[in-house]
Amino acid sequence: MRRILCYGDSNTFGTNPSGGRWHYDQRWTGILPSLLGPDFQVIEEGLGGRTTVFDDPLEPHRSGREFLPVALHSHRPLDMVILSLGTNDCKKFFNADGRIIAKALQQLASLIKTHPYGDGYPVPQVLVVSPIHIGDEIEQSPFASFNSNSVITSKQLAPVIQSMAEENDLLYFDASSVAFPSSIDQLHMDKEAHQAIAEGLSSLLLTYFNVQKEEPQEKKEERTVSRSLKFPFFKR
């Protein structure tokens with residue numbers, strides 16, 4: 001059993017732009033295990049408002065650095081930690097640019113790599129997810145901590161986070177390449193975006209762990225029937 005901890009913010013938690021939370025099988029952390037198969041266990045650790053290292057004056061106890069050691073220790077053993085943070089670092093009062101946010105993610109990755117897991121526990125690999133972009137109309141949303149500069153910063157994150165990941169031998173995935181924020185609140189994802197992220201991550205993880213996903217039985221039967229029609233001499 002390969003254990004994967006998903007450590008992120010509200011889009012890891014699965015906040016529904018229309019209110020509440022997407023059901024387990026509708027959010028990417030719930031879709032992912034169904035795509036990976038029974039040899040994987042995906043652990044959700046999402047929190048709305050969570051930052052990388054910053055203390056939010058309006059939402060206390062949201063620093064990712066503060067809780068990460070607890071999560072690492074309580075969910076041992078871990079084979080992989082997916083870091084999906086950065087959106088909340090774009091809030092206007094942090095005044096953080098892409099380089100600062102990438103540096104903060106590097107610090108969290110280092111914390112994961114150096115955490116004292118204990119004898120007999122593996123040191124997990126880290127997969128850094130560059131977040132989706134913040135919507136252009138964020139200033140018309142209920143989220144007062146974001147402004148137009150937050151949008152610009154979010155759109156600059158992918159290349160600097162990718163460079164940081166490559167320099168530190170971390171896995172990397174750009175969520176903004178497959179998913180977008182909902183027009184409803186400019187920050188959170190609809191079901192289709194969650195599905196797209198789960199599919200992108202599953203492909204990367206199966207390749208990394210060198211796992212061949214078994215073809216469903218019905219697909220095997222369809223392929224066999226098709227082959228027998230094309231080649232009459234083929235025996236099932």
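Right above here is the structure, for reference.
Here the structure is a predicted model, which is why all the values come from computation and not from measurement.

### Details of helix 3 (residues 64–74)
Residues of helix 3 that are buried: Gly64, Leu68, Ala71 and Leu72. The arc enclosing the buried residues of helix 3, seen along the axis, measures out at 95°, which places them on a common side. Structurally, helix 3 contributes buried residues whose contacts are with strand 1 (2–8), strand 2 (40–46), strand 3 (80–84) and helix 4 (98–114).

### Structural notes on the pairing of strand 5 (residues 171–174)
Alternating residues of strand 5 divide into Leu171 and Phe173 and Tyr172 and Asp174, and every residue in both groups is buried. As judged from the four bridges shared by strand 4 (residues 125–130) and strand 5, these two strands associate in the parallel manner. Across the sheet, residue valine 129 finds its bridge partner in strand 5, namely phenylalanine 173.

### Some details on the packing of helix 3 against helix 4
The geometry of helix 3 relative to helix 4 is characterised by a closest axis approach of 10 Å and an angle of 20° between their N-to-C directions. In terms of their interaxial angle, helix 3 and helix 4 are classed as roughly parallel. Considering the relative orientation of helix 3 and helix 4, their crossing is right-handed. For the pair formed by helix 3 and helix 4, the contact residues are Gly64, Arg65, Leu68, Pro69 and Leu72 on the first element and Gln107, Leu108, Leu111 and Ile112 on the second. In terms of residue class, the contact of helix 3 with helix 4 is made up of six nonpolar, two polar and one charged.

### Observations concerning helix 7 (residues 191–208)
If you check helix 7, its first and last C-alpha atoms are 26 Å apart, about what 18 residues at 1.5 Å a residue would give, namely 26 Å. For helix 7, the full list of buried residues reads Ala193, His194, Ala196, Ile197, Ala198, Leu201, Ser202, Leu205 and Leu206. Where helix 7 begins, the side chain of aspartate 190 points an oxygen toward the backbone nitrogen of glutamate 192, at a separation of 3.3 Å. Looking at the residues trailing helix 7, positive phi occurs at asparagine 210, about 55°.

### Considerations on the nonpolar core
Counting residues in hydrophobic clusters, the biggest one holds 37 residues, and the most contacted among them are Leu72, Val81, Leu83 and Ile112. Considering each element in turn, this core owes the most residues, seven residues, to helix 4. Setting aside anything within four residues of it in sequence, one finds leucine 72 in contact with Leu5, Leu78, Val81, Leu111, Ile112, His115 and Tyr117. Ile4, Cys6, Ala198 and Val211 belong to the second largest nonpolar core, which has 26 residues in total.

Cut-offs applied
Residues numbered from 1 in each chain as written. Predicted model: local features only at pLDDT ≥ 70, side-chain atom pairs only at ≥ 80, totals over all residues. Heavy atoms only, no water. Buried < 20%, exposed > 50% of the residue type's maximum accessible area, 1.4 Å probe, protein only. Helix = DSSP H or I, 4+ residues; strand = E, 2+ residues; numbered from the N terminus. Arc of directions from axis to C-beta. Contact = heavy atoms within 4.5 Å. Pairing = 2+ DSSP bridges. Axes fitted to C-alpha atoms, helices over the stretch in contact; angles between N-to-C directions. Parallel < 35°, antiparallel > 145°, perpendicular 65-115°, else oblique. Left-handed = near helix turned anticlockwise from the far one by under 90°. Nonpolar A, V, L, I, M, F, W, Y, C, P; charged D, E, K, R; others polar. Expected span 1.5 Å × (residues − 1). Polar contact = N/O pair within 3.5 Å; in protein donor to acceptor, adjacent residues only side chain to side chain. Core = buried A, V, L, I, M, F, W, Y, C linked by side-chain atoms within 4.5 Å.

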